[in-house]
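Working through the structure, step by step
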Amino acid sequence: MKSAMRGESTSVVEVTNVSKHGFWLLLEERERFVSFEHFPWFRDVSIGQLCNVELPHPHHLYWPDLDVDVAVESIDHPEVFPLVSRVRPNRRMQPTRKKRARG
């Protein structure tokens, strides 16, 4: 027996407003605010890139133009998902500054 083909997703996600502080997403009849403070990779993108958002799973958002994945829970509770890197900068990879010759 073969399974029936999947239908189109009925879940919709839409960017409804953008401000200098963030943007609002309408997701499953609930509006959520996405702060640029907590999600800085969205701050300097175009409106077209921001609005091209998909909902591949009920709790997962994807911006294909930006290759950014975000869990819906991290929007609802950003304090639980801090953006903190534990990687130390590699000083050998840093550009070297040339000293000026005194004349």
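Scroll up for the structure.
Figured I'd write up the structure that's included with this text.

**Quick look at the pairing of strand 2 (residues 22-27)**
Across five bridges, strand 1 (residues 13-18) lies against strand 2 in antiparallel orientation. The residue bridging Val 18 from the neighbouring strand is Phe 23, located in strand 2. Where strand 1 hands over to strand 2, the hairpin turn is made up of three residues, counted between the paired strands. The pairing of strand 2 with strand 3 (residues 30-35) spans six bridges and is antiparallel. The partner of Gly 22 across the bridge, within strand 3, is Ser 35. Connecting strand 2 to the next strand, strand 3, in antiparallel fashion are two residues, including Glu 28 with a positive phi near 50°.

**Comments concerning the nonpolar core**
One recurring pattern in soluble globular proteins: nonpolar side chains tend to sit buried together. In terms of nonpolar packing, the biggest core is built from 18 residues, with Phe 23, Leu 25, Phe 42, Leu 61 and Trp 63 touching the most fellow members. Among the elements that line this core, the one with the most residues is strand 2, at three residues. Those residues within four positions of Leu 25 in sequence are excluded, and the remaining contacts are Val 13, Glu 14, Val 15, Arg 30, Glu 31, Arg 32, Val 34, Val 53, Leu 61, Trp 63 and Ile 75.

**What to know about the sheet that holds strand 6 (residues 68-71)**
The strand order 4-5-6 describes an open sheet built from three strands, whose pairing is antiparallel. The open sheet has two edge strands, strand 4 (54-57) and strand 6, and neither has a second partner. Ignoring which end each strand starts from, the neighbouring axes of this sheet average 30° apart. As paired elements, strand 4 and strand 5 (residues 60-63) share two bridges and run antiparallel to each other. Across the sheet, residue Glu 54 finds its bridge partner in strand 5, namely Tyr 62.

Analysis parameters
Residues numbered from 1 in each chain as written. Predicted model: local features only at pLDDT ≥ 70, side-chain atom pairs only at ≥ 80, totals over all residues. Heavy atoms only, no water. Pairing = 2+ DSSP bridges. Helix = DSSP H or I, 4+ residues; strand = E, 2+ residues; numbered from the N terminus. Core = buried A, V, L, I, M, F, W, Y, C linked by side-chain atoms within 4.5 Å. Buried < 20%, exposed > 50% of the residue type's maximum accessible area, 1.4 Å probe, protein only. Contact = heavy atoms within 4.5 Å. Axes fitted to C-alpha atoms, helices over the stretch in contact; angles between N-to-C directions.

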